[in-house]
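# Residue-level structural notes
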Amino acid sequence: MGALRYHRSEPMLTIDPTSSTPPYEQIRIQIADLVRDGELVPGTRLPTVRRLAGDLGLAPNTVARSYRELERDEIIQTRGRHGSYIAMHGTSNQRHAQAAAQAYVLRLVELGIGMDEGLEYVRAAFQSR
């Protein structure tokens, strides 16, 4: 079976066809581990069920089951036609901060500003308080 490489340095998901663990569970475990390790951060958009299934050589229902289980565990959030995303987690304040950070990053991308420059603006804003 295949592997999926996300954009640039993002993590890879793989399926081991010889494993006794079902493929849907392999996907669920890998995504949960990537979230726990901070490699997939809140607000990260996941591939569509069809795309991930195609990339991994699996049936769409297999990936859909993984996504349902991840959503049940509040690791991801599905927003209908808008896709599935890594869910915000933590305290209410942390979730609000994560949402604000995601909005900030989206706006920087629209403006053509990269991460390093964006982080400089955040540092300057904190220092000016």
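Below or above, wherever it landed, is the structure these notes cover. (Residues numbered from 1 in each chain as written. Predicted model: local features only at pLDDT ≥ 70, side-chain atom pairs only at ≥ 80, totals over all residues. Heavy atoms only, no water.)

So, on to the pattern of salt bridges. Tallied over the full model, the rule gives nine salt bridges. Ionic pairing is found between D73 and R28, a salt bridge with its closest N-O pair at 4.0 Å. One end of the pair, D73, is in the loop between α3 (60-72) and β3 (76-78); the other, R28, is in helix α1 (residues 23-36), and 45 residues separate them in sequence. By relative accessible area, which is 33% here, D73 ends up partly exposed. Its relative accessible area of 17% is what places R28 among the buried residues. Among the salt bridges present, the one from R72 reaches E69, with a minimum N-O distance of 3.7 Å. Within this pair, R72 and its partner E69 are both found in helix α3, separated by three residues, close to a single helical turn. R72 gets classed as exposed once you look at its relative accessible area, which sits at 55%. (Salt bridge = Lys/Arg side-chain N within 4 Å of Asp/Glu carboxyl O. Helix = DSSP H or I, 4+ residues; strand = E, 2+ residues; numbered from the N terminus. Buried < 20%, exposed > 50% of the residue type's maximum accessible area, 1.4 Å probe, protein only.)

Once that is clear, we can look at the packing of aromatic side chains. Summed over the entire model, instances satisfying the criterion amount to zero aromatic pairs. For R65, the ring lying beneath its charged end belongs to Y24, and the centroid distance is 3.8 Å. When the ring centre of Y85 is taken as origin, the NZ or CZ atom of R79, which lies over that ring, is 4.0 Å away. (Phe/Tyr/Trp six-rings, centres within 6.5 Å; stacked < 30°, edge-to-face > 60°. Lys NZ or Arg CZ within 6 Å of the ring centre and 35° of its normal.)

Looking only at helix α2 (residues 49-56), the buried set comprises L52, A53 and L56. The buried residues of α2 all sit within an arc of 100 degrees when viewed along its axis, so they share a single face. Across α2 from its buried face, at more than 90 degrees, point the exposed residues R50 and G54. Just past α2, the residue G57 takes up positive phi, approximately 70 degrees. (Arc of directions from axis to C-beta.)

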